[in-house]
Amino acid sequence: MGTARTLAQVYRRFGEVDAATTSPLYERVAVALSESDAALRAIETVPARKRHPTMILAALHDLALEGRAPALADAYAAGDGEAAAGTAIETLLRMTDAVVAIVANRRMRTDETGRCAVLYPVIAEVARRVGASAVGLIDVGCSAGLNLSVDRVGITYSNGQTLGDPSSPVQMKSSIVGSRPVPTWAMPEVVARIGIDADPVDVTDAAGARWLRACLPPDQREAVARLDAELALAATAPPLLLRGGAVDMLPEAIARVHPDALPVVITTWALSKLPAESRLRFLHGLEEAAAGRVVAWVSAEGVGVAPTVPTLGDRRASGHSIMGLAVFGRPVADVEVVGRCWSRGRMLAWLANS
């Protein structure tokens, strides 16, 4: 994104293509930014890797949520694209240093517990197979650890099946692909909720929670309301957050799970962020941790991303992900595919015999 001209093209394309179907508000704001030479010059003061529209828009949204840009907050609340466009440019020019400071210390977050619709049946299934009456959940690349509330949400599938807590403030839906239903085993007791992340977000920290909200476009009302409910639920039982890399922190995380409980390591589109060598080290770490106890690994990763998880002959970058289930600590490691999923859990096809 070196020159202002290139930035203008990036921002216009983001508005007209990426935001056009998801956020009319951001569509208008991004196009307006692309047409303002002053705004583009301000964006160029941000480190190159942080100039993407999603980061700048999130930083502006954060200022609005914090109360430091009240006019922008009012425009967003009203859903007024024209007012938001002009006010966003004014805010960026007036508070360039604040925007630079925010993006320098933050990274984009896409905390979606919609993936719980995938995780719940797989975790319950592996616990049943192992005979575990309690599990300790370890979410790798956890961000704020919202996945760790998987046992406390309610899930309704398109075929009428339900899992979880029907009275939970967090309810989600997922479409079943194919004729095979998901297993309806109950989730065992969760005795540990542990997240591993290089830069975890504490849901009890006001600034951290605000940044998660800021990463959502303000006109995605349903998504914002769902995130608020998820944050409130997670805050009632905050996870233990371990700062560091997956490979390095995995032994400590597993050691923190009571010996009578089954450690269930979770990766949801986290391994793709690691080089191939690190993925193999992660797998070896699981195997080493299972030298003295049984350890399960539940994964939802792109085709061919998770080491040893079969691909079923599917092509890489095929538009769907593979749901893997692995059990280590037995004479022979048991690794299999239990399903496919799309759109981060919004659609899934269960394949395993349960």
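These lines cover the structure that appears in this document, whether it is placed above or below.

Each value, and the rule that gives it
- Residues numbered from 1 in each chain as written.
- Predicted model: local features only at pLDDT ≥ 70, side-chain atom pairs only at ≥ 80, totals over all residues.
- Heavy atoms only, no water.
- Salt bridge = Lys/Arg side-chain N within 4 Å of Asp/Glu carboxyl O.
- Helix = DSSP H or I, 4+ residues; strand = E, 2+ residues; numbered from the N terminus.
- Buried < 20%, exposed > 50% of the residue type's maximum accessible area, 1.4 Å probe, protein only.
- Lys, Arg positive; Asp, Glu negative; His and termini not counted.
- Contact = heavy atoms within 4.5 Å.

On to the pattern of salt bridges, then. Side-chain pairs of opposite charge can arise whenever the charged atoms involved come near each other. Using the criterion set out here, one finds 20 salt bridges in the structure. One salt bridge connects D248 with R281, and the closest N-O pair in it is separated by 3.9 Å. Here R281 lies in helix 12 (residues 276–289) and D248 lies in helix 11 (residues 246–255), a separation of 33 residues in the sequence. Here R340 and D314 are joined by a salt bridge, their closest N and O atoms 2.8 Å apart. Remark: D314 occurs in the loop between strand 8 (295–302) and strand 9 (321–328) and R340 occurs in strand 10 (residues 334–342); sequence separation between them is 26 residues. Each of R107, R109, D197, D199 and R243 takes part in a single network of salt bridges with overlapping partners.

Another aspect to go through is the side chain of D139. With respect to the element layout, D139 can be found in strand 1 (residues 134–140). Summary of buried charges: D139 has no salt-bridge partner, and the nearest side chain of opposite charge, R115, is 6.6 Å away. Those residues within four positions of D139 in sequence are excluded, and the remaining contacts are N147, L148, I194, G195, I196 and I266.

By the element assignment, V122 lies in helix 8 (residues 116–130). Separated by 175 residues in the primary sequence, V122 and W297 place their C-alpha atoms 9.8 Å from one another. In this structure V122 touches V298, M323, G324, L325, V338 and W350, once residues within four positions along its chain are discounted.

Geometry only, nothing functional implied.
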